[in-house]
Amino acid sequence: DAGVIQSPRHEVTEMGQEVTLRCKPISGHDYLFWYRQTMMRGLELLIYFNNNVPIDDSGMPEDRFSAKMPNASFSTLKIQPSEPRDSAVYFCASSLRISNQPQHFGDGTRLSIL
Amino acid sequence: DQQVKQNSPSLSVQEGRISILNCDYTNSMFDYFLWYKKYPAEGPTFLISISSIKDKNEDGRFTVFLNKSAKHLSLHIVPSQPGDSAVYFCAAGGSNDYKLSFGAGTTVTVRA
């Protein structure tokens with residue numbers, strides 16, 4: 001079975017540019033989560049979706065960050081404009097809509113903003 | 001606010017011996033707990049979980065213990081193998097809420 005697929009794996013761009021991260025969840029999973037991992041703050045939840053609808057975006061750091069899920073098999077996390085402090089590893093995860101089910105993670109996108 | 005805490009950033013253990021990783025939580029609404037393992041340049045991989053109705057769950061070499069009164073859980077790996085060298089994250093959530101809170105991770109190094 002294919003796991004969660006994220007692209008690109010690495011992104012290096014200059015400050016001020018728009019960055020789009022992509023995620024394909026596991027087929028049949030109802031929940032999709034976006035996380036950011038940094039040395040200072042560890043693994044923090046940014047936003048999550050249920051059946052393509054955003055449920056909780058309280059972890060989104062600023063208005064420069066936005067996330068969409070146009071269909072059950074695709075989600076994007078966009079940063080516009082990007083800043084050096086956005087440099088981190090961004091993970092996408094998905095899970096079934098059954099309580100006490102684990103989240104399954106993609107391999108992440110390592111983002112570097114110069 | 002750190003609702004899940006892993007106070008040991010690293011652990012070194014000899015191959016064949018037991019590895020014990022600890023995790024504390026503060027939110028009494030948490031009733032589902034998980035351990036994830038992470039290798040460099042990969043995403044966290046689910047390892048083992050436990051719900052609050054149990055105090056122990058075992059899967060092969062991995063056992064998770066839950067002490068609800070102390071708000072503490074631990075992961076035991078017996079025997080430790082070189083392939084177990086990784087970062088281990090403790091996570092917790094509520095059964096009515098699909099969010100998870102993660103600890104900062106413990107880096108385990110298994111020495112040959």
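We now turn to the structure provided with this report. (Residues numbered from 1 in each chain as written. Chains lettered and ligands numbered in written order. Predicted model: local features only at pLDDT ≥ 70, side-chain atom pairs only at ≥ 80, totals over all residues. Heavy atoms only, no water.)

Here we look at the interface of chain A and chain B
Thought 1: Contacts between the two partners involve 21 residues from chain A and, on the opposite side, 17 residues from chain B.
Thought 2: Summing both sides of the interface, chain A and chain B together bury roughly 1600 Å²; the carbon and sulfur share of this comes to 59%.
Thought 3: Linking chain A to chain B there are one salt bridge.
Thought 4: Ionic pairing is found between Lys99 of chain B and Asp56 of chain A, a salt bridge with its closest N-O pair at 2.9 Å.
Thought 5: Inspection of the chain A/chain B interface yields five residue pairs in polar contact (both at pLDDT 80 or more).
Thought 6: For the side of chain A that touches chain B, the elements supplying multiple residues, two or more each, are strand 4 (31-38) and strand 5 (42-50) of chain A.
Thought 7: Looking at the side of chain A that touches chain B element by element, the count peaks at four residues for strand 4 of chain A. (Contact = heavy atoms within 4.5 Å. Buried area = accessible area lost by both parts, 1.4 Å probe. Salt bridge = Lys/Arg side-chain N within 4 Å of Asp/Glu carboxyl O. Polar contact = N/O pair within 3.5 Å; in protein donor to acceptor, adjacent residues only side chain to side chain. Helix = DSSP H or I, 4+ residues; strand = E, 2+ residues; numbered from the N terminus.)

Remarks on the sheet that holds strand 3 (residues 19-24) of chain A
Residue and element names in this part refer to chain A.
Thought 1: On the basis of which strands lie adjacent, the open sheet formed by four strands has the order 1-3-8-7 and antiparallel pairing. One side of each edge strand has no neighbouring strand; the edge strands of this open sheet are strand 1 (5-7) and strand 7 (65-71). Recorded for the sheet is a direction-independent mean angle of 15° between the axes of neighbouring strands.
Thought 2: In this structure, strand 7 lies alongside strand 8 (residues 74-79), joined through five bridges in antiparallel fashion. Bridge pairing links Ser66 to Lys78 in strand 8. (Pairing = 2+ DSSP bridges. Axes fitted to C-alpha atoms, helices over the stretch in contact; angles between N-to-C directions.)

Quick notes on the environment of Ile77 of chain B
Residue and element names in this part refer to chain B.
Thought 1: For Ile77, the position within the fold is in strand 8 (residues 72-77).
Thought 2: By relative accessible area, Ile77 is classed as buried at 0%.
Thought 3: Once the C-alpha coordinates of Ile77 and Ile18 are considered, the two residues, 59 residues apart in sequence, prove to be 5.6 Å apart.
Thought 4: Setting aside residues up to four positions removed in sequence, Ile77 forms contacts with Arg17, Ile18, Ser19, Leu21, Arg61, Phe62, Asp84 and Tyr88. (Buried < 20%, exposed > 50% of the residue type's maximum accessible area, 1.4 Å probe, protein only.)

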